Amino acid sequence: MVTKTKAAKAATLPLNQILDGDCIEVMNSLPAESIDLIFADPPYNLQLRGDLHRPDNSKVDAVDNDWDQFDSFKIYDRFTKDWLAAARRLLKPNGAIWVIGSYHNVFRMGAELQNQGFWILNDVVWRKSNPMPNFRGKRFTNAHETMIWASKQEASKYTFNYEALKALNEGVQMRSDWVLPICTGHERLKDENGDKAHPTQKPESLLHRVLVGSTNPGDVILDPFFGTGTTGAVAKMLGRDFIGIEREEAYRKVATKRLSKIRKFDKEALEVTQSKRAEPRVAFGVLVERGMLRPGEELWSQNGRHKAKVRADGTLIGDDIKGSIHQVGAHLEGAPSCNGWTYWQFKRDGQKVPIDLLRQQIRAEMAQQH
């Protein structure tokens, strides 16, 4: 159930709510070091000069709302400094922040992030596959926006689900340029008059990639410029908690309706590909202790050129080498290192089976017990 509440001193986090008020005041009312990730899409301060028209003289529906108007760069910079300071106070020591902007404001935000001690991890270019054309023909078409991903401090152990993003990208390492369409069609929310509910509504695909890559189920995500609630919608689907701050009543109304229709994915669907290093450690000796491999049993290298014998303490003995599965494999191959789990195989019913299958069996049992 999504509700709205006036900003007030909060002893506990108002999870999965849209808070009504000035973002700086509301953030300063929340408990310090309580947020895992902040996604911020602040006013761009577009500095528009008059109306923009298409070649057929129809008016372009540009961002000309009061909330995007600032009298000077000095005033905008003060606003940026204040909301980023409030955001930094809220982040946990290992928390992180994403900010998104255009050329009008993103460089000013980047400088202020560094001034306040944030550690920039990446700038990510969202390249729009269907950008709005440049009707005046005096500049390049603005076909991208820039996101900055930063940890609270250099030493922060921030979340980065590298393998999950790689899986999203067909097994290829995710790059820092993302080609995604802008929000159109059925995803574009409309108000009661059938007009766009918000001029800069972000696509769910963008937030999906951000949250899958830099958060985990159960994390708390704060969006201080909530708008029509894209961050909250994706967070809810992905099993994350959210807090939204939005001072415009019309946007809160649209977001509340939107979020009431969102359903969380089931637990199994929320699991993502993890790094091998994140999986529980299993010692080779455990396989011997449990009788899955017996002392004296022979192991064969994957290429079939070498063999070694299992010893009672979980080490191997080869032709002229004794040691761990990794040490013996490296020595026999004349290599500086070797992953023994993928190098060695054992024989069952005349077939060679990787010893890593036994490790995965134990890990599955550990997961069930957990």
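Just so it is clear, the model here is predicted, and its values are computed rather than measured.

A. Summary view of the packing of aromatic side chains. Scanning the model with the defined rule gives 11 aromatic pairs in all. Their ring planes at 85° and their centres at 5.4 Å tell us that tryptophan 149 and tyrosine 158 sit as a pair that is edge-to-face. What makes tryptophan 149 buried here is its relative accessible area of 5%. The class for tyrosine 158 is partly exposed, based on a relative accessible area of 33%. An angle of 10° between the planes, with centres 5.7 Å apart, marks the rings of phenylalanine 226 and phenylalanine 242 as stacked.

B. View of the pattern of salt bridges. Considering all chains together, one arrives at 15 salt bridges under this definition. The salt bridge partner of glutamate 33 is lysine 152, with a shortest N-O separation of 3.7 Å. One end of the pair, glutamate 33, is in the loop between α1 (23-29) and β3 (35-40); the other, lysine 152, is in the loop between β6 (144-151) and α4 (162-168), with 119 residues separating them in the sequence. What makes lysine 152 buried here is its relative accessible area of 7%. The closest approach of N and O atoms between aspartate 82 and arginine 78, which form a salt bridge, is 3.4 Å. With aspartate 82 and arginine 78 both in helix α2 (residues 73-90), this residue pair falls four residues apart, about one helical turn. A residue is classified by how much of its surface remains accessible, and aspartate 82, at 30% relative accessible area, is partly exposed. With a relative accessible area of 48%, arginine 78 lands in the partly exposed category.

C. Molecular detail of the pairing of β6. Among the eight residues of β6, seven are classified as buried, and the element is accordingly described as predominantly covered. Pairing geometry for strand β4 (residues 91-101) and β6, over six bridges, is antiparallel. By the bridge assignment, isoleucine 97 is partnered in β6 with alanine 150. Note that strand β5 (residues 119-128) and β6 share eight bridges and pair antiparallel.

The rules behind the values
Residues numbered from 1 in each chain as written. Predicted model: local features only at pLDDT ≥ 70, side-chain atom pairs only at ≥ 80, totals over all residues. Heavy atoms only, no water. Phe/Tyr/Trp six-rings, centres within 6.5 Å; stacked < 30°, edge-to-face > 60°. Buried < 20%, exposed > 50% of the residue type's maximum accessible area, 1.4 Å probe, protein only. Salt bridge = Lys/Arg side-chain N within 4 Å of Asp/Glu carboxyl O. Helix = DSSP H or I, 4+ residues; strand = E, 2+ residues; numbered from the N terminus. Pairing = 2+ DSSP bridges.

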